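Coordinate inspection notes
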Amino acid sequence: MRVRMLFFGMVKDLVGRSSELAEFPPGTDLRAIFDAYAVRYPRLRELTGSIVMARNQEFADISTSITEDDEVAFLPPVSGGAGMDSELRQDGNFVALTRHAIDTRAVIARLLTGAEGAVITFEGTVRNNTKGRATRCLDYECYESMALKTMLNIGLEVAAQYEVGRVAMVHRLGRILIGETSVAVIVTAPHRGPAFEAARAAIDRLKKRVPIWKKEHFVDGEVWVEGEWDSNVPLVG
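Anyway, here's the lowdown on the structure attached to this text. On a predicted model such as this, the values are computed, not experimentally measured, just so you know. (Residues numbered from 1 in each chain as written. Predicted model: local features only at pLDDT ≥ 70, side-chain atom pairs only at ≥ 80, totals over all residues. Heavy atoms only, no water.)

1. Considering the nonpolar core
- Within the largest apolar cluster, 38 residues are counted, with the highest numbers of intra-cluster contacts made by Met5, Ile33, Tyr37, Phe74 and Leu75.
- Counting only elements with at least two residues in this core, the list comes to strand S1 (2-7), helix H1 (9-15), helix H2 (30-40), strand S3 (52-55) and strand S5 (71-75).
- Broken down by element, the residue count for this core peaks at five residues, all from H2.
- Core analysis: the second largest hydrophobic core is formed by 34 residues, Ala118, Tyr162, Val183 and Ala189 among them. (Core = buried A, V, L, I, M, F, W, Y, C linked by side-chain atoms within 4.5 Å. Buried < 20%, exposed > 50% of the residue type's maximum accessible area, 1.4 Å probe, protein only. Helix = DSSP H or I, 4+ residues; strand = E, 2+ residues; numbered from the N terminus.)

2. A few points about the pattern of salt bridges
- Scanning all chains against the criterion turns up 18 salt bridges.
- A salt bridge links Glu20 to Arg17; its shortest N-O distance comes to 3.3 Å.
- Of the residues examined, Arg17 reaches a relative accessible area of 30% and is grouped as partly exposed.
- The salt bridge partner of Glu180 is Arg172, with a shortest N-O separation of 3.4 Å. (Salt bridge = Lys/Arg side-chain N within 4 Å of Asp/Glu carboxyl O.)

3. A short note on the sheet that holds strand S11 (residues 166-172)
- Spatially, the five strands line up as an open sheet ordered S6-S7-S11-S13-S8, and their pairing is mixed. Only two strands of the sheet have a single partner each, and these edge strands are strand S6 (86-90) and strand S8 (118-125). On average, each strand axis in the sheet is inclined to that of its neighbour by 5°, with strand direction left out of account.
- Sheet analysis places strand S7 (residues 93-98) next to S11, joined by five bridges and oriented parallel. Along S11, the bridge assignment pairs Ala96 with Val170.
- The strands touched by helix H4 (residues 144-161) within the sheet are S6, S7 and S11, with S7 carrying the most contacts at an inclination of about 150°. (Pairing = 2+ DSSP bridges. Axes fitted to C-alpha atoms, helices over the stretch in contact; angles between N-to-C directions. Contact = heavy atoms within 4.5 Å.)

Here it is as structure tokens:
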């Protein structure tokens, strides 16, 4: 069977490529695929407690079987603007990925219906240091199609769970400089209390469930930031 393999973040650096076509015998499951790559790249074994596998843009258990022309991705721990590059909308909520500066006022304008008593905006910005180590810039990359689907699911969950009107989430990709916004979450609601709670829930879930990775560049080196998957995401190990 022919399978399209995708590699992200630190796994991409480890295997030396972002994608490839691979052949596997009928009946192969994700565990066999992981084992095959771990033989070629032994350091993968050290990451079994933090790597997640995806099949056709959905999180998948390691025992999941694959079929011809499937898309399989190795997902390391997640680390969790105007002119959106790609977006999804449902029931007035929307999510987007962009390589441009995030314009939160433009996002708010797309959410307002006139029934709002509160608009809460959270912006995550790039700071100039990590634990005292001077930061030059950040690079973000993601599994874009899966990231959009996961972000929309989170937005719909939050909108249903809290007494709010609409939810929007926008994440920036590519190189981001000190002081720039990397992610924005915006919630509209009749009252401020639920809006604050919903915004906090949305960013917390985004950071642990959306396949987005961050490389931090320092004056004296660079590193992929290793975060933490949500407890409901099926890990390899």
